[in-house]
Amino acid sequence: MNILDYTAVELSAAIKKGEVSVVEATKAVLAQIEQKEAELNCYVTLDKEGALAQANDIQKKIDAGELTGPLAGVPVAIKDNMCTEGMLTTCSSKILGNFIPTYTSEAVINLQKAGAVILGKTNMDEFAMGSTTETSAFGATKNPWNTEHVPGGSSGGSAAAVAADECFYALGSDTGGSIRQPASYCGVVGMKPTYGTVSRYGLIAYGSSLDQIGPLAKDVTDCATILETIASHDLKDSTSVERDTDFTKALVDDVKGMKIGIPRSYFGDGLDADVKEKVLAAAKVLEEKGAIVEEFDLDLVEYAIPTYYTIADAEASSNLERFDGVKYGFRAEDCDELHQMYKRSRSQGFGPEVKRRIMLGSFVLSSGYYDAYYLKALKVKALIKKSFDEAFAKYDMILGPCAPTTAPKLGASLSDPMKMYLGDIYTISVNLAGLPGISVPCGVDKNGLPVGLQLIGDCFNEKKLIQAAYSYEQARGKFSLRAKEGK
Amino acid sequence: MANVITDETIDYVGILAKLELSAEEKEQAKKDLAEMLDYIDQLGELDTTGVEPMSHVFPVHNVFREDVVTNGDDRDNILKNAPEEKDGMFLVPNTF
Amino acid sequence: MAKQYETVIGLEVHVELATKTKIFCGCSTAFGGEPNSHTCPVCTGMPGSLPVLNKQVLEYAIAVGLATNCDITRNGKFDRKNYFYPDNPQNYQISQLYLPICRNGYVEIETEEGGKKKVGIHEIHMEEDAGKLIHDEWEDATLVDYNRSGVPLIEIVSEPDMRSADEVIAYLEKLRLLIQYLGASDCKLQEGSMRADVNLSVREVGASEFGTRTEMKNLNSFKAIARAIEGEKARQIDLIESGEKVVQETRRWDDAKETSYAMRSKEDAQDYRYFPDPDLVPVVVSEEMIEKIREKQPEFRTEKMARYKEEFDIPDYDIDIITNTKRMADLFEETVALGAQPKKVSNWLMGETMRLLKEQSMDPEDIRFSPAHLAALIAMVDKKEINSSVAKEVFETMFSEDIDPVQYVDEKGLKTVNDEGALRKTIEEVVANNPQAVEDYHNGKEKAIGALVGQTMKAMKGKADPTMVNQILKEIL
């Protein structure tokens with residue numbers, strides 16, 4: 001068996017049995033990176049030597065019985081917006097192009113404690129602002145299923161790396177769909193947990209009230225296992241919550257009696273026919289396995305995007321003020337006046353999409369507009385949350401697509417930002433309401449590009465989603481690029 | 001287009017956000033900002049009278065630290081990424 | 001007839017709280033230390049770092065609110081105030097705009113005419129302090145030290161209820177005393193742990209509308225505040241009299257030049273884009289929490305004065321001075337508790353202590369000697385182990401170095417000589433060597449005995465008990 005065929009959990013089990021060593025697994029994945037990376041550009045930073053050194057160390061700890069967890073020894077890729085001590089962390093931005101954090105984000109520390117081998121940092125849309133990974137200052141990542149297409153975003157590097165076996169699993173972050181949508185485009189499983197489940201300490205903020213770290217994985221079992229590992233109640237993050245985290249308990253093939261609601265508005269105009277067909281077929285599978293599936297009307301869907309962009313951009317405009325050329329990162333040369341230095345450093349350091357969002361965010365918070373825009377958006381957010389509360393009073397979960405289409409061609413989205421924003425329609429409200437959502441591959445379209453099924457749960461109900469996704473996966477059978485390529 | 005963004009507005013936003021735009025970027029920014037605001041304006045269709053603005057999704061409150069010193073001297077680390085430093089301090093253009 | 005003007009003044013007072021750690025991280029708030037040695041990712045605005053509120057900050061803020069008769073906000077939160085400046089590492093300051101912790105309070109001050117007046121407190125909010133900027137002339141640049149960044153502050157915003165510099169000073173003295181009594185801050189203006197910005201406008205006497213106000217910053221002493229108020233009042237009246245308008249602006253006071261100038265910059269839009277900080281959760285204050293803090297409130301000055309009157313036999317004048325600072329009152333009570341007689345303790349505090357403080361331009365806060373040492377000194381005098389002039393000398397050393405007086409007196413051999421034989425011998429020699437003085441005395445010049453006492457003390461190197469010397473002298477003569 002090729003090492004790359006293993007899922008993360010399978011690999012760790014094989015390592016513990018002595019069938020594979022951590023170094024062998026690391027070398028296998030590094031070889032794959034060597035082969036694919038020039039074409040795909042999944043990584044901003046690759047730490048070959050560090051990975052091999054970690055692999056040696058971890059192997060010893062496994063042999064000594066010090067590391068026994070289900071992910072011990074498995075190589076992982078980290079989205080480049082999570083701080084890693086001593087390793088470049090750029091947010092795919094020129095302004096952080098030379099930033100080497102002096103501390104490690106809590107989610108990554110949790111992985112390290114579990115014996116993960118950190119391979120490097122994955123490419124993303126600059127500061128997670130984008131849906132294609134094309135706004136990266138370090139070049140776009142390509143979709144491993146078809147390199148003329150984008151991998152989605154903003155966690156495009158993480159999703160593509162998992163799909164192309166350039167890692168066994170990856171961490172991403174999701175502010176408006178940034179894990180689920182690229183997972184969908186790249187044919188992998190991605191999950192955005194309930195807000196507060198994974199510590200944001202060390203995650204470079206985009207929209208603080210919306211950001212959550214989550215897994216990108218080969219299957220639902222890996223996904224649940226990773227989430228169980230990274231979730232923690234962290235006293236350094238005031239918004240972190242104390243809750244149940246035994247997600248792997250939900251890896252049960254049973255959906256009998258589960259009530260699944262399908263919002264009619266999710267399947268209207270704008271949804272690609274192929275995507276619609278595959279997603280509804282997946283719903284049918286769950287129904288055949290005993291779930292009760294029915295259509296319903298979810299209110300306010302169309303208001304989620306304007307609400308989201310108002311809140312996320314407002315928060316971003318403030319969160320990104322710290323990038324000013326004073327303490328770290330890029331400083332424009334030859335500035336002898338303070339504000340000139342600020343302006344030049346930021347104008348040269350940020351890309352166009354980031355500037356666009358910072359400007360909108362500054363505007364909606366500015367004197368005279370705060371009530372009309374920002375406060376209004378916070379009120380609509382309350383209404384959106386209420387409409388989900390009503391839905392979850394009737395249903396265990398909501399089922400829909402992740403995105404209106406499969407992965408678009410490179411360059412097709414950047415020319416029209418508004419169109420790109422509209423593509424977030426199915427994922428964005430989940431962040432506004434703090435809900436968990438999972439994306440599971442449910443087939444390919446006529447061009448052979450993956451389609452993602454999205455399941456949305458009520459707050460703290462990840463286990464229901466995991467159980468349904470796992471059950472669907474059992475019926476669906478294996479789905480991966482390797483399987484498709486017949487490897 | 002209902003919203004018209006003037007040069008003054010873009011310059012003002014530039015001061016707030018500390019961004020310096022070229023003439024070409026300014027024109028684009030005026031267009032983009034107006035388009036987004038038009039789009040956001042549809043929130044005005046919703047009656048939100050009496051709705052409490054929601055900053056936090058969950059009713060989590062009172063997360064505190066005890067008043068105990070937990071950090072030691074870490075200044076070498078803190079200064080590690082400084083674009084310019086002198087005497088253990090960050091150096092910036094004169095503000096006096 | 002020339003127009004009569006009235007000054008309308010409101011104050012924004014920033015007070016650094018006496019917590020051990022910063023408001024949102026576990027860094028020390030201690031003064032001193034190398035630049036940036038009390039910093040971490042949170043208080044230097046490192047990417048990915050997050051704030052967590054220091055509970056003690058909230059408790060101090062509530063305590064000050066209760067002491068100033070405020071309503072405590074039951075459901076408060078923190079907001080971000082966005083502005084770019086290098087002393088502010090995140091380029092936003094975490095503060096409270098929409099739901100400050102305390103509102104609608106007042107303190108009572110005594111006016112010059114001897115009456116009482118309430119000065120309203122609009123609100124008190126919690127916020128973080130900024131770092132320090134240092135001018136580097138060599139590089140023509142600014143250096144940034146974040147040791148003070150994130151030190152907790154409360155800002156106490158008064159209503160525009162004050163009408164003169166005297167009222168302002170009385171208000172500040174009152175606030176300072178309350179806060180010092182609470183132990184929430186040492187409130188030193190010179191060191192910046194208490195800072196006042198003055199909002200001032202003038203209007204014609206009898207007018208119902210307020211004039212346009214300005215905000216004056218950089219006031220580092222009560223004297224500077226008084227001068228700035230007079231200066232700004234005159235400037236505004238001049239403008240109005242000459243038909244010009246007062247511009248609403250922030251001005252910086254230059255106390256050396258006794259003038260102010262506008263702090264204006266086209267890059268400074270004064271549009272702070274406040275919004276609730278999504279990184280911090282709401283602060284919900286329960287009745288129980290307030291009661292707990294209320295129970296812990298100390299005895300304030302008025303109560304203390306009444307108790308002193310009842311408990312200690314010391315004059316009202318002494319009580320007034322001693323209770324005027326927490327430090328003095330504590331010192332007094334602790335020394336008395338060690339067995340010293342209250343009036344004697346009071347005498348040392350009112351006399352020598354105040355004299356030395358004044359001489360060395362120090363605050364009572366700066367007093368170094370311990371109550372135990374003062375009590376020991378008083379005991380030595382009581383036991384006639386040293387005489388009063390030696391005691392004063394010892395006290396001066398104690399004041400500057402906090403030495404142990406018993407040990408000091410021993411080492412320096414300053415003990416009074418109580419050996420009557422030795423003393424008598426010395427006096428006999430003095431009498432023998434000063435026939436003129438002896439004769440004068442016998443001729444009825446009572447004062448002449450003073451010279452003989454002086455000579456004896458000199459011969460004894462000050463270590464004799466003057467009463468005893470007098471007694472023996474009279475016997476011999």
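Everything quoted here is computed from the prediction, not taken from an experiment.

**Focus: the nonpolar core**
Side chains of nonpolar character tend, in soluble globular proteins, to be buried together.
Part 1: With 255 residues, the main nonpolar core has V76 and Y169 of chain A together with A61 of chain C as its most contacted residues.
Part 2: For this core, the element with the highest residue contribution is helix α2 (residues 165–182) of chain C, accounting for eleven residues.
Part 3: In this structure, I319, A329, F369 and F399 of chain C belong to the second largest nonpolar core, which totals 30 residues.

**Structural notes on the interface of chain A and chain C**
Part 1: Taken residue by residue, the interface counts 31 residues in chain A and 24 residues in chain C.
Part 2: Looking at the side of chain A that touches chain C, the elements that each hand over two or more residues are α9 (304–319), α10 (338–349) and α11 (352–365) of chain A.
Part 3: Tallied by class, the residues present in the side of chain A that touches chain C amount to twelve nonpolar, eleven polar and eight charged.

**Observations regarding the interface of chain B and chain A**
Part 1: Tallying the contact residues gives 36 residues for chain B and 53 residues for chain A.
Part 2: Those elements that provide at least two residues to the side of chain B that touches chain A are α1 (7–17), α2 (23–40) and β3 (89–93) of chain B.
Part 3: Here the side of chain B that touches chain A gets seven residues from one element, more than from any other, and that element is α2 of chain B.
Part 4: A breakdown of the residues in the side of chain B that touches chain A according to their chemical character gives 23 nonpolar, seven polar and six charged.

**Here we look at helix α8 (residues 342–359) of chain C**
Residue and element names in this part refer to chain C.
Part 1: If you check α8, its first and last C-alpha atoms are 25 Å apart, about what 18 residues at 1.5 Å a residue would give, namely 26 Å.
Part 2: Those residues of α8 not exposed but buried are V345, S346, W348, L349 and T353.
Part 3: For α8, the elements touching its buried residues are α6 (316–322), α7 (326–337) and α9 (371–382).

**Considerations on the packing of α9 of chain A against α2 of chain B**
Part 1: It is at 9 Å that the axes of α9 of chain A and α2 of chain B come closest, and there the two elements cross at 125°. In terms of their interaxial angle, α9 of chain A and α2 of chain B are classed as oblique. Between α9 of chain A and α2 of chain B, the residues in contact are P306, Y309 and T310 of chain A and M36, Y39 and I40 of chain B, respectively.
Part 2: The residue makeup of the contact of α9 of chain A with α2 of chain B, split by class, is five nonpolar, one polar and no charged.

**Some points on the sheet that holds β3 of chain B**
Part 1: With antiparallel pairing, four strands are arranged side by side in an open sheet as β2(B)-β3(B)-β10(C)-β9(C). What marks the edges here is a single partner per strand, and that holds for β2 (85–86) of chain B together with β9 (132–136) of chain C.

**Here's the deal with the pairing of strand β10 (residues 437–444) of chain A**
Residues and elements named next belong to chain A.
Part 1: In terms of burial, β10 is largely enclosed, as six of its eight residues are buried.
Part 2: Alignment of strand β5 (residues 189–192) against β10, held across three bridges, turns out to be antiparallel. Bridging from a neighbouring strand, K192 pairs with G437 of β10.
Part 3: With six bridges joining them, β10 and strand β11 (residues 450–457) adopt antiparallel strand pairing. What sits directly across from V440, in β11, is L453.
Part 4: Connecting the antiparallel pair β10 and β11 is a turn made up of five residues, with G448 showing a positive phi of about 80°.

Scoring rules and cut-offs
- Residues numbered from 1 in each chain as written.
- Chains lettered and ligands numbered in written order.
- Predicted model: local features only at pLDDT ≥ 70, side-chain atom pairs only at ≥ 80, totals over all residues.
- Core = buried A, V, L, I, M, F, W, Y, C linked by C-beta atoms within 7 Å.
- Buried ≥ 20, exposed ≤ 12 C-beta atoms within 10 Å, placed from the backbone.
- Helix = DSSP H or I, 4+ residues; strand = E, 2+ residues; numbered from the N terminus.
- Contact = placed C-beta atoms within 7 Å.
- Nonpolar A, V, L, I, M, F, W, Y, C, P; charged D, E, K, R; others polar.
- Expected span 1.5 Å × (residues − 1).
- Axes fitted to C-alpha atoms, helices over the stretch in contact; angles between N-to-C directions.
- Parallel < 35°, antiparallel > 145°, perpendicular 65-115°, else oblique.
- Pairing = 2+ DSSP bridges.

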